[in-house]
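Coordinate analysis (summary)
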Amino acid sequence: MGDFEAQLRKFQKELSAGTVSLALLAVLAKAREPLYGYLIAKELERTGDGVLSGKQSALYPVLRNLEGAGLLESHVEPSVAGPPRRYYRINDEGRAVLTQWIAAWNATRDSLESVLEGVER
Amino acid sequence: MNNENNARPLPTTIPEYLEQLRAALAGADPAMIQDALYDAEEYLRSELAEQPGRGEAEVIAGVAGSYGAPEEVAEIYRETEVTVNRALRTPLPGRGPAPLPPVAAGVATATAAAAATAKPRSTVARFFGVVLDPHTYGALFYMLLSLVTGVFFFTWVVTGLSLSVSLLILIVGIPVLLLFLGSVRVLSLVEGRIIEALLGVRMPRRPAYTDRSQGWLARIGTMFTDGRTWLTMLYFVLMLPLGVAYFSIATTLLSTSLALVFAPVADVLFDQPVGVWIDGVNVADGFWLWPVSVVAGLVLLFGTLHLARAIGRLHGAVAKHLLVRL
């Protein structure tokens with residue numbers, strides 16, 4: 001039993017590793033104003049309905065990488081509650097990449113669905 | 001998800017949580033630890049601010065499920081760092097096909113395969129391969145740049161320190177000193193960015209963690225007792241002699257080697273004969289000297305590139321020890 005569970009967890013981890021960048025870009029593309037890490041995590045938790053919410057600590061390094069790749073822009077603002085917050089905003093390159101990624105995702109999803117069709121559950 | 005196999009009980013305060021996270025990350029890259037602590041603190045403080053009715057212990061217990069318990073967070077950062085380092089590393093010359101998308105979370109397998117195809121290279125290939133290593137040019141540029149940054153950092157620290165200390169007898173010295181100490185921290189991050197970009201050494205992207213539960217007087221106190229503050233200043237002071245040395249080494253060796261390589265061109269185009277002058281007398285005249293000059297110049301040029309890369313690595317290590325400490 002525990003073995004199945006471990007395999008399921010590993011599979012979920014791999015799935016989210018492949019899709020988390022897409023989800024983050026999408027959240028930021030929809031947002032009207034720049035968001036900081038915590039808000040992005042909460043937004044993902046709310047709309048992603050728990051499926052994408054692996055541990056939210058995994059999001060921060062990915063945000064940094066997306067910024068490093070030039071898809072996001074960021075600035076720092078002081079906050080009352082804690083350390084200064086880094087606000088992220090998607091840029092034009094990020095939007096262009098997101099469009100491509102969505103197309104790639106749709107293609108993957110469609111082909112996967114047709115493969116899965118007819119499998120007994 | 002579930003959080004079984006927690007070796008330790010859940011922390012009840014934010015500093016405790018961060019302390020556990022730091023302990024769980026022990027042995028990892030200090031720059032990564034600094035970033036991880038910063039991220040965790042932002043999340044925890046925001047969560048606490050969102051739920052004003054609940055106690056700190058209660059909020060942290062909830063966070064263990066969403067953000068992760070310290071051990072889990074440590075595990076995630078360790079994994080991500082490995083994956084990202086592989087993904088962002090520039091493929092080394094002569095190694096398998098490894099160009100990767102800049103943002104890739106699940107590429108570990110592809111790069112592992114690429115790394116497996118790496119074959120041992122001959123000494124000659126290694127000697128000349130230095131030309132293809134981007135860090136060589138980064139280091140060379142850093143050596144030239146360090147004269148400017150070195151002078152600036154040195155001036156900033158010496159001016160700031162002497163100005164604020166001498167003004168301490170008046171009350172205005174205190175804010176000046178605090179501003180100066182804050183500026184040193186910011187400059188330390190800036191220098192870290194330069195070093196990571198040019199020398200390829202992982203440096204922190206977020207400021208160091210400060211314990212916000214203490215009062216501001218205590219926090220000012222820790223600024224003085226914190227070894228980082230003084231080590232950073234030491235580094236900035238050291239940057240002047242180092243910068244002058246790096247700049248001199250780079251310009252001298254580069255100009256000498258390039259002059260040797262292009263000496264025959266000068267002979268043909270500008271009628272500047274190739275030769276070895278001693279007291280104004282050319283003691284080694286003749287065409288045989290042309291190839292000798294070019295070969296000597298090339299060897300010196302490649303030696304310079306190797307030296308630059310080695311200095312870059314050495315300086316990266318020095319910077320890491322003085323600027324990043326936990």
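Keep in mind that this is a model prediction, so the values were computed, not measured.

On to a nonpolar patch on the surface, then. A cluster of nonpolar side chains, contributed by Val165(B), Leu168(B), Ile169(B), Leu170(B), Ile171(B), Val172(B) and Ile174(B), occupies part of the molecular surface with about 700 Å² of accessible area. With relative accessibility at 80%, the residue Ile169(B) sits in the exposed group.

Residues and elements named next belong to chain A. All chains considered together, the criterion is met by 9 salt bridges over all chains. Between arginine 89 and glutamate 73 there is a salt bridge; the shortest N-O distance is 3.1 Å. Taken together, the positions of arginine 89 in strand β3 (residues 85-90) and glutamate 73 in strand β2 (residues 72-77) put the pair 16 residues apart, joining distant regions of the chain.

With that settled, the discussion passes to the packing of aromatic side chains. Residues and elements named next belong to chain B. Applying the stated rule across the entire model yields 8 aromatic pairs over all chains. The interplanar angle of 55 degrees and the centroid separation of 5.9 Å between the aromatic rings of phenylalanine 152 and phenylalanine 153 together place this pair among those described as tilted. For phenylalanine 152, a relative accessible area of 41% translates into the label partly exposed. Assessed through its relative accessible area of 3%, phenylalanine 153 is described here as buried. For the ring pair phenylalanine 152 and tryptophan 156, a centre distance of 5.6 Å and an interplane angle of 35 degrees mean the geometry is tilted. With phenylalanine 152 and tryptophan 156 both in helix α7 (residues 134-167), this residue pair falls 4 residues apart, about one helical turn. Classification of tryptophan 156 as partly exposed rests on a relative accessible area of 36%. An aromatic cluster is built from Phe152, Phe153, Trp156, Tyr235 and Phe236, whose rings are joined through pairwise contacts.

Rules and cut-offs
- Residues numbered from 1 in each chain as written.
- Chains lettered and ligands numbered in written order.
- Predicted model: local features only at pLDDT ≥ 70, side-chain atom pairs only at ≥ 80, totals over all residues.
- Heavy atoms only, no water.
- Patch = residues over 30% accessible without salt bridge, like charges linked within 9 Å, V, L, I, M, F, W, Y side chains within 5 Å.
- Areas by Shrake-Rupley, 256 points an atom, 1.4 Å probe, with all protein chains shown as cover.
- Salt bridge = Lys/Arg side-chain N within 4 Å of Asp/Glu carboxyl O.
- Buried < 20%, exposed > 50% of the residue type's maximum accessible area, 1.4 Å probe, protein only.
- Helix = DSSP H or I, 4+ residues; strand = E, 2+ residues; numbered from the N terminus.
- Phe/Tyr/Trp six-rings, centres within 6.5 Å; stacked < 30°, edge-to-face > 60°.

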